[in-house]
Amino acid sequence: MGEGASDPLLRVEGVSKHYGGVRALEDVRFSCRAGSIHALLGENGAGKSTFIKILSGVVQPERGRIVLGGMPVSFPTPAAAAEAGISCIFQELSLLPDLTVADNINIADPLRRLGLIDRTQERRRAEQMLARVGGEDIHPAAPVGQLPLSRQQLVEIAKALARRPKVLILDEATSALTAADVAKVFTLLKQLRTEGMAIVYISHRMHEIAELADECTVFRNGRYIETFAAGTRSDDAIVEMMIGREYSSAFPPLGGTRREGTPALAVRNLSWAGELNDISLEVHPGEVVGLGGLDGQGQRQFLLALFGALIGVEGTIEVAGRPAKIGSPRQAKSPQLGLALIPEDRKNEGLMLPMTVRENLSFAALETLSRFGRIDRKAEAEQLDALVRQLAIKSDGLDGPVAALSGGNQQKVVIGKWLMTRPRIVLLNDPTRGIDVGTKQEIYLLLRRLAQQGTAVLFYSTDYDELIGCCDRVAIFYDGTISRMLQGAELTERNLVGAALNLSSAGERPASNAA
Amino acid sequence: MTVGGARDRNWRYRLAAQRGALAAAAIFAIMFAVYGAAQPTGLSSDVVNTAANKGALLALVAMAQTVPVLTGGLDLSVGMIFMLTNCLASVIVTGSPVMTILGIAGVLAAGLACGLVNGLIVVYGRLQPLIATLATSAIYFGIALALRPQPGGDVNGDFADLMTRSTYGVPSSVVLIVAAVVLIWMPYRNSTLGRAAYAVGSSEQAAYMSGVPIARAKLCAYTLAGLFAAVGGLLLTCLTYSGEARAALGGDYTLNSIAALVIGGTSLFGGSGGVVGSVFGAFVMRTVGDLLVVFNINPVLQPLFVGVVLLFAVSLGSLRLLRVRNKLDLYR
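What you see is a predicted model; the values in this text were computed from it and never measured.

**Student:** What's the story with the overall build of chain B in this structure? I'm lost.
**Tutor:** What chain B contains, in helices and strands, is 14 helices and two strands. Here chain B has a C-alpha radius of gyration of 20 Å; the compact-globule value for 332 residues is 20 Å, and the two agree. Along the first, second and third principal axes, the C-alpha set of chain B runs to 60 × 55 × 40 Å. Among the 332 residues that make up chain B, the fraction classed as buried is 49%. Looking at chain B alone, contacts between residues at least 24 apart form 78% of all its contacts between residues at least 6 apart.

In structure tokens, the structure reads:
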């Protein structure tokens, strides 16, 4: 925080926005100084996304004032906000998949020569921006849609910086990045801070906030709660501000399962397309087994292979002691096999967004709810009501569109949908990514309860605390195979990290899988 | 990455982007070679000229269709703008050289106007392009019919001759297509509005969040479509020395332009492709008809054969599906 920093660069007062009957924002205020990083905290549904959209010109507030550099401003379109010097890196990327990286970076502010686009200069600017964000490996002529998500996110950041904004807003901008990328982005953000940029940072990852933020503001239920300097509140206190009730960061106690009898799921020598190599694993009923390791070592593909979504899978899979050929998700979910997969991308792979909450919840179990092809509405309603109560899904009735729910509640709908099929084995692909703290807790409790009822749970997570807190055992993936199995006293963050990096130390047990 | 390596990757990306157009060009080259070989007199100047003239008409209408499709829309009225400008040309592109030139300008302006009307309705009326252009196609046909209730009219003989002859074996219609590509398409493609059109077709929502001028991009696209269709109408008048408002012909050209565009590798979802591919796609479709004549196959079967070629060309694009290993990729 430099001298003369008393007057905030960006000041927002009394902003309100309603969507029909839902109050998205009510009389919120916010201010951010130049040369500082200001974290914006709040659960999903707290109004952060709406607030960001107002600042970046995507939606218009009904009431309120925005003052930028001492001048009142209003942004009827995103172009106007960009023109005024506010650049936003959206959680849902604003990239054009068919256009090249260079096109995307320059699209808002093209470089011209004789009236036409100067592709050489644009390419040079793209290369500069990419180098700045640590994406030198990204080729400017590559079509953006073909890049992996982590590279796309870097391009999105490069694009936001290309206009040399005065205010930079990052909305969960690091969620798909590898740890190395995140480190580079953080260095960049700190550099931009010393250069005088005002940065608004939204993230659910407390350690990121702790490292970056100078100040923090909390929103809850569309209202402004408090602003405080970073480091002056404990993590638990912050979470309590966000969820408005008492909170403890402890995980539900582990069951101490004994692994005996026929495993619910037994995998032997599973391989696929060079990405999965000779994986063997057993999961017993009532066990919660975690998949750990660095991003991209095959964990997601392993779960997809178990669920029948991959072609050309080799090896054997046994469900409840009987060999199974799982050719499609439809087969996987059949009562004989009883598998369920909570997918990675809930918006595209887990929900039918234009449809109602009711329709989404009953989809997987539709056969059990219908007789001779007709859906039994009464049975459906009874089961759904019970489910919604059990999962505490907050929605405007069951007949509202599921797209209107917050991320956490949407994830509960996805889980609820699969619970209705009464699965034997539940697979989860990074289920708490981008979910607020309160809902995460509920999901952990739910998984623990499922295990107690005898369901086998196999669960990939990028969060070490989660793996340690929720799982009986953790299989570390490295290069498409299980390199190490950790359990009991060995299951510590240090060992997780070490195993993920495939470091070996004296006296450790070699990778003995099915044991 | 070494500088040499980067340049090498650059070429590979550029090549991959043009895949559709190159495939269409290759198909056309093969078909035309077969056609030429089967001619009793070989590839004489006359043979090439006739083939070029017929193909150029569809090529121009296909170019017209391509631009709105790039924005993720569709223009069902291109065939009727083609008819309207044909009828108009048969009325005003006559007389002294000065009158002729003014007439040509008038025809092109009419095409631009029709395209602009389409654009205004789609952008400000917020109607789906399919519906909007379906409606305007009826209007344009009505105007064409009003201009030429009976087939007739005339066109300046020198101008017509210039447009339909061959000079040193190069048909003027081919020169016209090349000129349209180089003088109209390429500057457009390299302009901000041209890139904006691709952006809108790729993801209109992302384009909006990126501050792309969506309204202007769409307006420009539909207007340009009108211009290309008008050039086609002019060429038709030169070939037939008359104007005729035939609904079936206009409808045929519209549908065939969509087929030509698909064969040429432009995506109907928008965001990728270009007019060069559509030009080759149009020539592929026309050559099929010629090949049928050469091999003495009943001309009634022509639509069937064109359909088969269309299916084949589209399937080529789907071949990559066979290599899919993760079923989720099929649905992305």
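**Student:** How should the overall build of chain A be read in this particular structure?
**Tutor:** The number of helices and strands found in chain A is 18 helices and 24 strands. In terms of overall size, chain A behaves like a compact globule, its C-alpha atoms giving a radius of gyration of 24 Å where 515 residues would be expected to give roughly 24 Å. Referenced to the eigenvectors of the C-alpha coordinate spread, the extents of chain A come out at roughly 70 × 55 × 50 Å. The buried share among the 515 residues of chain A stands at 49%.

**Student:** So what exactly am I meant to see when it comes to the sheet that holds strand E4 (residues 63-68) of chain A here?
**Tutor:** Within a sheet, adjacent strands bond to each other through the backbone by hydrogen bonds, running parallel or antiparallel. Residue and element names in this part refer to chain A. Taken together, four strands build an open sheet; the order of strands is E2-E1-E4-E5 and the sheet is antiparallel. Of all the strands in the sheet, the pair left with one neighbour each is strand E2 (22-32) and strand E5 (71-73). The average undirected angle you get between the axes of adjacent strands in this sheet is 30 degrees. In this structure, strand E1 (residues 10-19) lies alongside E2, joined through seven bridges in antiparallel fashion. What sits directly across from Tyr 19, in E2, is Val 22.

**Student:** Whenever I open this one, the interface of chain A and chain B confuses me. Can you help?
**Tutor:** In this complex, chain A contributes 28 residues to the contact, which on the side of chain B involves 27 residues. Counting only elements with at least two residues in the side of chain A that touches chain B, the list comes to helix H2 (78-84) and strand E8 (116-117) of chain A. Sorting elements by how many residues they give to the side of chain A that touches chain B places H2(A) first, with three residues.

**Student:** What is the right way to look at the sheet that holds strand E17 (residues 322-324) of chain A in this model?
**Tutor:** Residues and elements named next belong to chain A. With respect to topology, four strands assemble into an open sheet ordered E14-E13-E16-E17, the strand pairing being antiparallel. Sheet topology places strand E14 (276-283) and E17 at the edges, where each strand pairs with a single neighbour. Between one strand axis and the next, the sheet turns through 15 degrees on average, direction left out of account. Set on the sheet, helix H9 (residues 299-306) makes contact with strand E13 (265-272), E14 and strand E16 (313-319); between it and E14 the angle comes to about 65 degrees.

**Student:** Got a minute to help me understand unusual backbone geometry in this structure?
**Tutor:** A negative phi holds for most residues other than glycine; trans holds for most peptide bonds. Residues and elements named next belong to chain A. One non-glycine residue, Arg 164, lies in the positive phi region at around 50 degrees. By the element assignment, Arg 164 lies in the loop between helix H5 (149-161) and strand E9 (167-171). With 11 C-beta atoms counted inside 10 Å, the residue Arg 164 sits in the exposed group.

**Student:** When you look at helix H13 (residues 275-294) of chain B in this model, what are you seeing that I'm missing?
**Tutor:** Note: α-helices contain 3.6 residues per turn, so residues at a spacing of three or four share the same orientation. Between its first and last C-alpha, H13(B) extends 29 Å over 20 residues, near the 28 Å set by a 1.5 Å rise per residue. Where burial is concerned, most of H13(B) is hidden: 15 out of the 20 residues are buried.

**Student:** Help me understand helix H16 (residues 437-452) of chain A, please; the structure alone is not making it clear to me.
**Tutor:** Residues and elements named next belong to chain A. Given a rise of 1.5 Å per residue, 16 residues ought to cover 22 Å, and the 23 Å separating the end C-alpha atoms of H16 matches this to within 8%. Along H16, the residues that are buried comprise Val 437, Thr 439, Gln 441, Ile 443, Leu 446, Leu 447 and Ala 451. Contact partners of the buried residues in H16: helix H8 (235-243), strand E15 (288-292), helix H15 (407-419), strand E22 (456-460) and helix H17 (464-470). Gly 454 sits one or two positions beyond H16 and adopts a positive phi of about 105 degrees.

**Student:** When you look at the domain arrangement of chain A in this model, what are you seeing that I'm missing?
**Tutor:** The parts lose accessible area when they come together, and the size of an interface is often stated as this lost area. Splitting chain A by domain gives domain 1 (10-243), domain 2 (263-338 + 425-431 + 455-515) and domain 3 (344-422). Of note, the centres of domain 1 of chain A and domain 2 of chain A, computed from C-alpha atoms alone, are 36 Å apart.

**Student:** How do you make sense of the confidence of the model for chain A when you look at a structure like this?
**Tutor:** Fine structural detail should not be taken from predicted coordinates in areas where pLDDT scores are low. Residues and elements named next belong to chain A. For chain A, the mean per-residue pLDDT works out to 86, and 94% of the residues sit at or above 70. Averaged pLDDT values for the elements of chain A fall to 79 in helix H18 (residues 493-500) and rise to 95 in helix H3 (residues 101-106). A low-confidence stretch, residues 1-5 stays under pLDDT 50, and its non-local contacts, those more than four residues away or across chains, total eight contacts. Low pLDDT, under 50, characterises residues 505-515; the stretch is placed with twelve contacts to residues that sit more than four places away or in other chains.

**Student:** Which parts of the structure should I look at to understand the packing of helix H8 (residues 172-189) of chain B against helix H11 (residues 214-240) of chain B?
**Tutor:** All names here are of chain B. In contact at an axis separation of 12 Å, H8 and H11 are set at 170 degrees when each is read in the N-to-C sense. Between H8 and H11, the crossing angle belongs to the class labelled roughly antiparallel. Here Ser 173, Leu 176, Ala 180 and Tyr 188 of H8 lie close against H11, whose contacting residues are Leu 224, Phe 228, Val 231 and Leu 235. The residue inventory of the contact of H8 with H11, partitioned by class, reads seven nonpolar, one polar and no charged.

**Student:** It is not clear to me how the pairing of strand E10 (residues 198-202) of chain A should be interpreted in this structure. Could you clarify?
**Tutor:** For a regular strand, the rule is simple: side chains alternate between the two faces of the sheet. Residues and elements named next belong to chain A. Most of E10 is tucked away: five of the five residues are buried. Burial along E10 is two-sided: the face carrying Ala 198, Val 200 and Ile 202 and the face carrying Ile 199 and Tyr 201 are both buried. Note: E9 against E10, five bridges, orientation parallel. What sits directly across from Val 167, in E10, is Ala 198. For the crossover that starts at E9, traverses helix H6 (residues 179-194) and ends in the parallel E10, the hand is right-handed.

**Student:** Can you help me understand the environment of Thr192(B) in this one?
**Tutor:** Examined against the element boundaries, Thr192(B) turns out to sit in helix H9 (residues 192-202). For the pair Thr192(B) and Leu235(B), spaced 43 residues apart in the sequence, the C-alpha separation amounts to 30 Å. Non-local contacts of Thr192(B), meaning those with residues more than four positions away in its chain, are made with Pro110(A) and Ile117(A).

**Student:** Whenever I open this one, the confidence of the model for chain B confuses me. Can you help?
**Tutor:** Mean pLDDT over chain B stands at 90; residues scoring 70 or higher make up 97%. Note on the complex model: pTM 0.79, ipTM 0.87.

**Student:** Please explain the environment of Ala340(A) as it appears in this structure.
**Tutor:** Residues and elements named next belong to chain A. Looking at the element boundaries, Ala 340 is found in strand E18 (residues 339-342). Residue Ala 340 is classed as buried on the basis of its 24 C-beta neighbours within 10 Å. Dropping the residues within four chain positions of it, Ala 340 is found in contact with Lys 333, Trp 418, Thr 421, Pro 423, Val 426 and Leu 427.

Conventions we followed
Residues numbered from 1 in each chain as written. Chains lettered and ligands numbered in written order. Predicted model: local features only at pLDDT ≥ 70, side-chain atom pairs only at ≥ 80, totals over all residues. Helix = DSSP H or I, 4+ residues; strand = E, 2+ residues; numbered from the N terminus. Rg over C-alpha atoms; globule rule 2.2 N^0.38 Å. Buried ≥ 20, exposed ≤ 12 C-beta atoms within 10 Å, placed from the backbone. Contact = placed C-beta atoms within 7 Å. Pairing = 2+ DSSP bridges. Axes fitted to C-alpha atoms, helices over the stretch in contact; angles between N-to-C directions. Expected span 1.5 Å × (residues − 1). Domains from an automatic or database assignment. pLDDT = per-residue confidence, 0-100. Parallel < 35°, antiparallel > 145°, perpendicular 65-115°, else oblique. Nonpolar A, V, L, I, M, F, W, Y, C, P; charged D, E, K, R; others polar. Right-handed = clockwise from strand over helix to strand, strands pointing away.

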